[in-house]
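# Inside the fold
This is what each chain is made of:
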Amino acid sequence: MSMSAVVSLGAGRLKYVERLEQKNGDWPQWQVCCCGICKTDRALAWSASNEGLVLGHEVVCCDRDGHYYALNNKIGCGACEYCREGLTGHCSGICELGVTHHGGYATRISAPKHCMYSLRLHDPQLGILVEPLACVIHGLGRLMAMPALRGNAEPRILVIGSGVAGKMMAHLLLHRTTARLTLCDIDNDALQWAQDWPIDCQRMPAAAHYHAVIECSGGEGTLDTALSAVRRAGVVMLYGIPAAGQTLPVSSETFLDRELTLLASRAGCTPTAFTQAVRYLEQHQPFFSSMMGKKIRLRHLPDELLHHPPRPGTRTWVTMAGAATHANEMPDPAWQKTTRPGGDR
Ligand SMILES: [Zn+2]
Ligand SMILES: [Zn+2]
């Protein structure tokens, strides 16, 4: 069955097409409701290796009965050493919808049923935040298992970067740990939301002070900030996507002398993290609503993806409402009418 989609045609080239015949193997087809746009998508859109591919991995689908689902786009083989240890993101045979296989910048997607997580949200469109939240939950799990944090009732934790990932990190740390939290960003506006919470906001954090520093921005020079802010025997976690070619600004000597732990966490949507993310989002819907940024139509995606960064701390997202579908596929347009308090952000 054909669908509307945005297809990659090589580095920096994307095209909106109204009739595409594409599927991923024999998996069932699902109606896509909406799909988020993240930094990974922007990087992929400029990479040369995706010709013919439909990107988009923060996907909300619905079925013919009007049920909504968040898609876990990482499909491990289930049999290799990494899968058996719960490290799905490192599966050697991994299939990532929107990265290695066709994703959600389309009116339809084919995906296995076990990757669809049922949503119970006032606004099902919030479901685009499940995938990034699951990655953050995975990252915090890795961080909090570190010895520097395990034995401390009130560790001082610094989050660098108040974008979507930094905000999610901070929110989870506040609700799930007893850490004392500092958030730092060079943009004062980006810190505004934190005034309502017990979060210390800084443009430049104190030196050698924090038990753990989480670098969420991927910005230039932020690892210098992280390494100077962490105290001896502390942990620095890399989470933000660094610029290509960036190296760690720390000498082996300093690393050893200060007894640092360097930790990384990449996208790793294990089924466990994904299930937790769905529950957490359901419990904190007003907070996550504030992260829903600019809404665009599928046909405007090529320009948006290539040329327009999101408003700080918000996710730009694509709605499939209004995109050409064929043979009256849209089951029940109820979700299109959903409005959120605050209107169209
Ligand atoms: Zn993403
Ligand atoms: Zn595997």
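All values derive from a computational prediction rather than experimental measurement.

The UniProt record marks residues 199-281 with the feature "domain: Alcohol dehydrogenase-like C-terminal" (unreviewed entry), using the residue numbering of this structure. Helix makes up 30% of residues 199-281 and strand 27%, and the two end C-alpha atoms of the span are 20 Å apart.

So, on to the domain arrangement of the chain. Along its sequence, the chain is carved into domain 1 (3-129 + 269-337) and domain 2 (135-264). Distance from the C-alpha centre of domain 1 to the C-alpha centre of domain 2: 28 Å. Listed by partner, the interface residues are 13 residues for domain 1 and 13 residues for domain 2. Those elements that place two or more of their residues in the side of domain 1 that touches domain 2 are α1 (39-45) and α9 (271-283). Examining the composition of the side of domain 1 that touches domain 2, we find that three residues originate from one element, α9, more than from any other.

Next up on the list: α9. Helix length check: α9 (13 residues) gives 19 Å between terminal C-alpha atoms against 18 Å at 1.5 Å per residue, within 8%. The set of residues buried in α9 consists of A273, F274, A277, V278, Y280 and L281. Turning to α9, the residues buried within the fold contact β5 (68-71), β9 (116-119), α3 (130-144) and α10 (285-289).

What follows deals with the sheet that holds strand β10 (residues 156-160). A sheet is described by the order of its strands in space; here six strands give the open sequence β12-β11-β10-β13-β14-β15, paired in parallel fashion. Lying at the two open borders of the sheet, with one neighbouring strand each, are β12 (200-202) and β15 (261-264). With strand direction ignored, the average angle separating the axes of adjacent strands in the sheet is 20°. In this structure, β10 lies alongside strand β11 (residues 180-184), joined through five bridges in parallel fashion. Residue pairing for β11: L158 is matched across the bridge by T182. Along the sheet face, helix α5 (residues 164-176) touches β10, β11 and β13 (210-215) and points at about 170° away from the line of β11. This element, helix α7 (residues 222-229), spans β10, β13 and β14 (230-238) of the sheet and lies at about 170° to β13.

Rules and cut-offs
- Residue positions are counted from 1 within each chain, in the order its sequence is given.
- Here chains are named by letter from A upward and ligands by number from 1 upward, in the order in which they appear as written.
- In keeping with the model being predicted, local features are shown solely for residues with a pLDDT of at least 70 and side-chain atom pairs are shown and tallied solely at 80 or more, while totals for entire chains, interfaces and linings include all residues.
- UniProt positions are given in the numbering used here, feature names are shortened, and annotations may be inferred rather than shown by experiment.
- Put simply, DSSP H or I for four residues or longer makes a helix, DSSP E for two residues or longer makes a strand, and each gets a number counted from the N terminus.
- Residue ranges for the domains trace back to a domain assignment, done automatically or taken from a database.
- Once C-beta atoms have been placed from the backbone, residue pairs whose C-beta atoms lie within 7 Å are recorded as contacts.
- Between the first and last residue of a helix there are one fewer steps than residues, each counted as 1.5 Å, and that sum is the expected span.
- In this scheme the burial state of a residue depends on its C-beta neighbours within 10 Å: 20 or more other such atoms mean buried, 12 or fewer mean exposed, and anything in between means partly exposed; the C-beta positions come from the backbone.
- Two strands form a pair only when DSSP identifies at least two bridges running between them.
- To get an axis, a line is fitted to the C-alpha atoms, and for a helix only the part in contact is used. The angle between two axes follows their N-to-C directions and goes from 0 to 180 degrees.

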